[in-house]
Amino acid sequence: MIGRPITGSSFLGCISYNLEDKRELTEEQKEQLSQLEGVRHKNRAEVLVYNKCFGDKYELAAQFREVAQLSKRVEKPVFHFPIRLAPGDSINRDELIEIAEACVKEFEVENNQYVIILHKDTPEPHIHIIANRVGFDGKVASDSYSKRRMMALCRRLEKQYKLREVLGPRASLSKELRLIPQHNTRKERLKNDIRRTLEQVKNYQEFAELMRKLGYTVLKSRGIAFIDDKKVRIKGSEVGFSLSKIEQILHLKKTLVDKQAKQTLLEAVRRQQTTKYRANTPAQKLLLQTWQQAQREKSPLFRLQQEINIVTQELNQLLYDLFKPEYPDQSINPELIKEAKRKKKRRPPK
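For the structure given in this document, a descriptive report is provided here. Quick caveat, the model's predicted, so the values are computed rather than measured.

Reading the values: the criteria
Residues numbered from 1 in each chain as written. Predicted model: local features only at pLDDT ≥ 70, side-chain atom pairs only at ≥ 80, totals over all residues. Heavy atoms only, no water. Phe/Tyr/Trp six-rings, centres within 6.5 Å; stacked < 30°, edge-to-face > 60°. Helix = DSSP H or I, 4+ residues; strand = E, 2+ residues; numbered from the N terminus. Buried < 20%, exposed > 50% of the residue type's maximum accessible area, 1.4 Å probe, protein only. Lys NZ or Arg CZ within 6 Å of the ring centre and 35° of its normal. Core = buried A, V, L, I, M, F, W, Y, C linked by side-chain atoms within 4.5 Å.

Description of the packing of aromatic side chains
By the definition in use, this model includes 7 aromatic pairs. Between Phe81 and Phe107, the aromatic rings sit 4.7 Å apart at their centres with planes inclined by 35°, giving tilted as the arrangement. Of this pair, Phe81 sits in strand E4 (residues 78-84) while Phe107 sits in the loop between helix H4 (93-106) and strand E5 (114-119), placing them 26 residues apart in sequence. In terms of burial, Phe81 and Phe107 fall into one category: buried. Between Phe207 and Phe226 the ring centres are 6.3 Å apart and the planes differ by 85°, which places this aromatic pair in the edge-to-face class. Placement of the pair is Phe207 in helix H7 (residues 204-213) and Phe226 in strand E8 (residues 224-227), with a sequence separation of 19 residues. A residue is classified by how much of its surface remains accessible, and Phe207, at 0% relative accessible area, is buried. Three or more aromatic residues joined by ring pairs form one cluster here, namely Tyr204, Phe207, Tyr216 and Phe226. Positioned over the ring face of Tyr17 is Arg44, at 5.3 Å from the centre of the ring. The ring centre of Tyr204 lies 4.1 Å from the NZ or CZ of Lys220, which sits over that ring.

Focus: the nonpolar core
Within the largest apolar cluster, 29 residues are counted, with the highest numbers of intra-cluster contacts made by Met1 and Cys103. Going through the elements one at a time, strand E3 (45-51), E4, H4, E5, strand E6 (126-132) and helix H5 (146-160) are the ones with two or more residues in this core. Ranked by residue count, the leading element in this core is H4, at 6 residues.

Next up, the structure:
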């Protein structure tokens, strides 16, 4: 579980972002992304809980601002808590609400105005909590050590609901925890989008066009990079898809398509040839099958099928290598391996 505590000054801006669809996507892009990912990009937001507030985004913002004016010293009265489960984790609607309520209790705003919103545009459950730091008594909830408090809360909730542990920002971790590999949701999403796109296209032009429709800006020079809808730039090599890997996959796919087209043509010719021969008795059928088998092994079609099998195996192996776990043996700490290599390099020559 990953949670982030955010403070802000604009209730309307925060509420609008969470209640509306992503503005960077057109209606066509929303439809294509929804079909491709099996999630909802249109009408993505659903309010699960209103606490001491109600209405649309304008009414909510006005109510939050009115209470926030009870404190004259707070500059950022908005508490915003995005919470996302790890890939593969799943809990029901009531448990999502319980997690959100545990969050507002941890940050001492359970008696303040807040709204819990479920987003349906990601494969994993993904909620946002927008709360007023100012209570009806004019007191302001503290935002001190908010990152540490959120991390501690996430670890407790993971144990309570038997969820997979996901570490927080590396800079806020202890030295021991920094050695554990972390999951990056943004890079994981890009990696999956590239894979699904490569499965559908036949050449680089189609690949770049479909990635643009998914909301990415594609930058190609000596390498390749992608800028997502949040203006974050990620190199293809950072997610295992360098430009050379992408071109290699597309080349193998083109080779496979060409050979399969040739195979279809040769099979049609062979069917025309075999229709000339009739087998009525069991002995004639056996002789015909033996002859056809010998012809198949001598024919270009047989050799072509072997080539197709080789190309298919090569393509499958390449994709497997790209998506196999980064650290298959979790019993061996990767940082210890790096340290051993560094010591080996520092060892003076004999």
